[in-house]
Amino acid sequence: MKLKTTTKLCALSFSVLIALGACTDDSNKSDDSKNNEVSQVENTASVSEGALASEEKVETSSEEIDKQDYSRFDIYAPFTLTSDLSHLSDNQREMIALLIDAGKIMDNLFWKQAFGDKEALLSSIDNPKAKTFAEINYGPWDRLDNNKPFISGYDAKNKGAEYYPDDMTVTEFENWDQAGKKGLYSLVKRDDKGNLTLVPYSVEYKEELTQASNLLRKASELAEDEGFKNYLKLRADALITDNYQPSDFAWMDMKSNPVEVVIGPIETYEDQLFGYRAAFSTYVLIKDLEWSERLSRFAAFLPELQKGLPVDQKYKQEMPGTDSDLNAYDVVFYAGDSNAGSKTIAINLPNDEKVQLAKGTRRLQLKNAMRAKFDKILVPISEQLIAEEQREHITFDAFFANTMFHEVAHGLGIKNTINDKGTVRSSLKETASALEEGKADILGLYMIGKLYEKGEIKEGELMDNYVTFLAGIFRSVRFGASSAHGKANMVRFNFFKDHGAFERNEKTGHYSVNFDKMTQAMNKLSEKILVIQGNGDYEASKHLLNTQGIISDQLAADLELLEEKQIPVDVTFKQGKSVLGLK
């Protein structure tokens, strides 16, 4: 990484976001790489109390921003993360505070993985909006503009972030005869002789992880749910041993705890070189008991839906675990990878393939964050780009269902290739995340259709989900090609366009869904992705993403309209202990 030499700033227009370059010439353009999302994947506060304070300074609604002053730094709409804690005991409230403190440590560790010296960067930026933007992006690269630098003096972001030596080539890594080199929980460095060597997270970050481990142990002493108490102890052990599987199994056994935490190295989006290494992240969550009750019954349909997938039997021979569950939460704290750039609104974990096949996964729907994106982004987008006669189909229930079943759909399909190439994730390398997100989106919609057919979804109609899904593509494609979710949405938009799933009125510029062709396109794309994954076909995956994962001139113009209307690209949160009234 080239260090900053000056602090000249560029407030980029959204048209620049689309494809036209940023504050750099072509030699500095970032290649297609990563984003966090999803998973998913989403928060902006720097997670320190100081960052929360700076965030509060720019908390103005888009309507209040003078058009002359609106810039790239204003693309995140502010939203306060809170929840009703009145039903929790004093011990549980104290426990939440400890979990947030542990999350702050994960936040600082992610800074090290994504950029390096956080304080050196932030102290060099005088412009308050630019500094907040750097906090949101965990570095000087705009995550929603293909990781282009927005501060001069920085080169394009390394695809391998800080997981690998800057001078290491792909060929050098692939020729390196080293057991465990694809491991989730280690860094690749050079030894004194210049040779590549592995350094476990538990060694590299020993001091910070020991502190976080101690906080989780203290939190476990306050936990009133025995399953949660056990999980916190096992997760505390995992942080200092790099052995996360026992805590993943324990996490799957939790069903009744009112407070939830996801913490540790989780997703691999930040490693855009290979997609091997996991990034530190945290979510602290409060369970919504009423909504969770509504969702719980859907997990039982997974085996039946797996059997009905529109693909040959050999690509659906694995049966998802039956311990999967669905629950709704208010998220009260994001940190690290989950907090970088676009904000995650649903979680599907664990990622460990052995745990998934034995137990399934847990799908956590972040309802308050989801509502923020629906109200502040999706509805305004639909008012600009969706045909007026179909706008009645834009509903929060449909948005919630599309998001929820996206997470459920991660459990469908296949985890291991059918030709002994290993796991799908390792075979498809850096393309795995984008293809998996594309699979989850399209199979989620497939599942909704099947559940409507069975009469299991009684609210609304399938057209609600289709039209809301189309509006959601416009929302997510704005995340850019460096986001796995953004790339997946580009592929789906172009595939659907080629198959007539929607039409654009040239006079109005509005899009409308063709119900029958949408269903046909959905089944065709589902089959295509499942076959690529099952075959572990890296070249086919690259070809699909490179040829279909692009933004056409027409789509770029439509998205530029959203910038002109000052519709936010994503949300940013005011959050933390002070917001919740905790000490």
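Refer to the structure presented above.
Conventions used here
- Residues numbered from 1 in each chain as written.
- Predicted model: local features only at pLDDT ≥ 70, side-chain atom pairs only at ≥ 80, totals over all residues.
- Heavy atoms only, no water.
- Helix = DSSP H or I, 4+ residues; strand = E, 2+ residues; numbered from the N terminus.
- Areas by Shrake-Rupley, 256 points an atom, 1.4 Å probe, with all protein chains shown as cover.
- Core = buried A, V, L, I, M, F, W, Y, C linked by side-chain atoms within 4.5 Å.
- Buried < 20%, exposed > 50% of the residue type's maximum accessible area, 1.4 Å probe, protein only.
- Contact = heavy atoms within 4.5 Å.
- Pairing = 2+ DSSP bridges.
- Axes fitted to C-alpha atoms, helices over the stretch in contact; angles between N-to-C directions.
- Parallel < 35°, antiparallel > 145°, perpendicular 65-115°, else oblique.
- Nonpolar A, V, L, I, M, F, W, Y, C, P; charged D, E, K, R; others polar.
- Salt bridge = Lys/Arg side-chain N within 4 Å of Asp/Glu carboxyl O.
- Left-handed = near helix turned anticlockwise from the far one by under 90°.

**Student:** Before we move on, can you summarise the overall build of the chain with the specific residues and values?
**Tutor:** When you go through the chain residue by residue, the secondary structure sums to 23 helices and 13 strands. When the accessible surface of the chain is totalled, it reaches about 21600 Å², and 47% of it is carbon and sulfur.

**Student:** Give a description of the nonpolar core that names residues and reports values.
**Tutor:** Core analysis: the biggest nonpolar cluster contains 180 residues, and Ile-96, Leu-99, Phe-228, Leu-232, Phe-405, Phe-474 and Phe-496 have the highest contact counts within it. Element by element, the count of residues in this core is highest for helix H3 (residues 90–114), at 13 residues. Every residue in contact with Leu-232, bar those within four places of it in the chain, is listed here: Met-95, Leu-99, Leu-216, Ala-219, Ser-220, Ala-223 and Val-261.

**Student:** Report on the sheet that holds strand E9 (residues 346–349), specifying residues and quantitative values.
**Tutor:** With mixed pairing, 5 strands are arranged side by side in an open sheet as E6-E7-E8-E10-E9. The sheet is open, and its two edges are formed by strand E6 (259–265) and E9, each paired on a single side. Here the average twist between neighbouring strands, direction ignored, is 35 degrees. Packing of H3 onto the sheet brings it into contact with E6, strand E7 (280–288) and strand E8 (325–336), and relative to E7 it is tilted by some 150 degrees.

**Student:** Hey, could you go over the environment of Val-170 for me, with residue numbers and the actual values?
**Tutor:** Take Val-170: it is sitting in helix H6 (residues 170–175). Not counting chain neighbours up to four residues away, the residues in contact with Val-170 comprise Leu-273 and Phe-274.

**Student:** Describe in detail the packing of helix H15 (residues 396–409) against helix H18 (residues 462–477), supporting the description with residues and values.
**Tutor:** Orientation of H15 relative to H18, taken along the N-to-C sense of each, is 70 degrees, at an axis distance of 9 Å. As summarised for this structure, H15 and H18 are arranged roughly perpendicular, according to the angle between their axes. For the pair H15 and H18, contact is made by Ala-398, Phe-399, Ala-401 and Asn-402 and by Asp-464, Asn-465, Thr-468, Phe-469 and Arg-475, respectively. Considering only residue class, the contact of H15 with H18 consists of 4 nonpolar, 3 polar and 2 charged.

**Student:** Let's hear about the pattern of salt bridges: which residues, and what values?
**Tutor:** The full count for this structure, using the stated rule, is 25 salt bridges. For Asp-237, the salt bridge is made with Arg-217, and the minimal N-O distance between the two is 2.6 Å. Within this pair, whereas Asp-237 is found in helix H9 (residues 226–241), its partner Arg-217 is found in helix H8 (residues 206–222), the two being separated by 20 residues in sequence. Classification of Asp-237 by relative accessible area gives partly exposed; the value is 32%. Residue Lys-454 pairs with Glu-304 through a salt bridge whose shortest N-O separation is 2.9 Å.

**Student:** Help me get a handle on the packing of helix H17 (residues 432–453) against H18, residues and values and all.
**Tutor:** Two elements in contact, H17 and H18, have axes separated by 10 Å at closest approach and are oriented at 165 degrees. As the angle between them shows, H17 and H18 are arranged roughly antiparallel. Crossing of H17 against H18: the hand is right-handed. Contacts from Asp-441, Leu-445, Ile-448, Gly-449 and Tyr-452 of H17 reach H18 at Leu-462, Asn-465, Tyr-466 and Phe-469.

**Student:** Describe unusual backbone geometry, naming the residues involved and giving the relevant values.
**Tutor:** Across the junction of Leu-349 and Pro-350, the peptide omega takes the value 0 degrees, indicating a cis bond. Along the polypeptide, Pro-350 turns up in the loop between E9 and helix H13 (353–359). For Asn-147, which is not glycine, the phi torsion reads 60 degrees and is therefore positive. Here Asn-147 lies in the loop between strand E2 (141–142) and strand E3 (148–149). On the accessibility criterion, Asn-147 (1% relative accessible area) is buried. With a phi angle near 65 degrees, Asp-420 is a residue other than glycine that sits in the positive phi range.

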